[in-house]
Amino acid sequence: MAVNWSAYTEEQLHELELLPLARWSGGVPEADAAPAPAAPKGSTQLESARQRIEVAAPPVVRREVPPPRPTAPASRPPATPQVVAPAAPLVRRAPAPGLGQADWTSLRAQVAACTACGLCQQRTQTVFGTGAESGPWMFVGEGPGMEEDQQGEPFVGQAGKLLDAMLASIQLSRETNVYIANVVKCRPPGNRTPTPDEANACADYLDRQIDLVSPKLIIALGKTAATRLTGQEASLASQRGKDFSYRGYPVLVTYHPAYLLRNLPDKAKAWEDLLRARRLFAAKG
């Protein structure tokens, strides 16, 4: 129903707070004169007008907006547990004929002619080993680097100088009572870590070197040598300070000198390992 705004005076509309609505709908011009004094509240005329307006004006319908639904957190797939595969067993190749009885001369000749793995294709020469062939100490590293590949002797670069200093700190030297060898006898490209297949290809050569030296104690330098001699695919830190045995020979584990050149704070740990090795050696008489 349309509202007849002309039936009310501007004063009445003002009193009823309907003046803005009347002007918006065109019922009262904007230029009207200022309103006269308001009529007393509660007058019969104003009450009657309010009732007529309430009947005429359409009711205001307020729609209630439902509150937003809580958003469920995005479901995430369950984390896949990481499974650490056990270390693969060492697969040994068939030893060369007569290797078990080879002396130093024939063993060196067999290593120099070896083509059991792909490392032979890029070597300058094999790196057999060096030091006191009767021990009684034996240190086993990872593999030759560039300088070792050129000179044919293990540990001749900066890592070799550090190793010599480590040996001297407990009255040892490669000239008198230490034999030094590597897990592999040829340099891996870019000085990378030898693969298990490459280590397996040289396994019998290293075993024969150990038997010829017959050491009272073997020190594994770095993770590759530790894995080869302990048979455990574990971190080097977890193997330090423990006693191992390889084919009846006692084995201890410590850091590789090349690692110590990059991680100077661990030199103190390597020093602890050497002191422990000296105590164990002395206890064996």
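For the structure, see preceding data.
Everything in this summary refers to the structure shown in the same document. (Residues numbered from 1 in each chain as written. Predicted model: local features only at pLDDT ≥ 70, side-chain atom pairs only at ≥ 80, totals over all residues. Heavy atoms only, no water.)

1. Remarks on the sheet that holds strand 2 (residues 137-141)
Strand order in the open sheet formed by six strands is 1-3-2-4-6-5, with mixed pairing between adjacent strands. Because the sheet does not close on itself, it has two edges, and the strands there are strand 1 (130-131) and strand 5 (244-246). Examined bridge by bridge, strand 5 and strand 6 (residues 249-254) share three bridges and lie antiparallel to one another. Paired with Phe244 across the strands is Val251, a residue of strand 6. (Pairing = 2+ DSSP bridges. Helix = DSSP H or I, 4+ residues; strand = E, 2+ residues; numbered from the N terminus.)

2. Concerning the side chain of Thr130
You can see Thr130 is positioned in strand 1. Judged by its relative accessible area of 14%, Thr130 falls in the buried class. Residues within four places of Thr130 in sequence aside, it is in contact with Glu153, Pro154, Arg174, Val178, Tyr179 and Ile180. (Buried < 20%, exposed > 50% of the residue type's maximum accessible area, 1.4 Å probe, protein only. Contact = heavy atoms within 4.5 Å.)

3. Section: unusual backbone geometry
Put simply, Gly135 and Pro136 share a cis peptide bond, and its omega is 10°. Within the element layout of this structure, Pro136 appears in the loop between strand 1 and strand 2. The phi torsion at Ser214 lies on the positive side, around 50°, for a residue other than glycine. Tracing the chain through its elements places Ser214 in the loop between helix 8 (203-213) and strand 4 (217-221).

4. Details of the packing of aromatic side chains
Summed over all chains, the structure comprises five aromatic pairs. Ring geometry for Trp104 against Tyr179: centres 5.1 Å apart, planes inclined by 45°, an arrangement best described as tilted. In this pair, Trp104 is assigned in helix 4 (residues 104-112) and Tyr179 in strand 3 (residues 178-182), connecting sequence segments 75 residues apart. We classify Tyr179 as buried; its relative accessible area is 1%. With 4.6 Å between their ring centres and 25° between their planes, Trp137 and Phe281 make a pair best called stacked. Linking Trp137 in strand 2 with Phe281 in helix 12 (residues 267-283), this pair joins segments that are 144 residues apart in sequence. One exposure class covers both Trp137 and Phe281, and it is buried. Over the aromatic face of Phe281 sits the side chain of Lys216, whose NZ or CZ is 4.3 Å from the ring centroid. (Phe/Tyr/Trp six-rings, centres within 6.5 Å; stacked < 30°, edge-to-face > 60°. Lys NZ or Arg CZ within 6 Å of the ring centre and 35° of its normal.)

5. Digging into the packing of helix 4 against helix 8
For the pair helix 4 and helix 8, the least separation of the axes is 11 Å and the interaxial angle reads 165°. Classed by the angle they form, the pair helix 4 and helix 8 counts as roughly antiparallel. The interaxial crossing formed by helix 4 with helix 8 has left-handed handedness. Taking contact as the criterion, the partners of Trp104, Leu107, Gln110 and Val111 in helix 4 are, on helix 8, Tyr205, Arg208, Gln209, Leu212 and Val213. Broken down by class, the residue content of the contact of helix 4 with helix 8 amounts to six nonpolar, two polar and one charged. (Axes fitted to C-alpha atoms, helices over the stretch in contact; angles between N-to-C directions. Parallel < 35°, antiparallel > 145°, perpendicular 65-115°, else oblique. Left-handed = near helix turned anticlockwise from the far one by under 90°. Nonpolar A, V, L, I, M, F, W, Y, C, P; charged D, E, K, R; others polar.)

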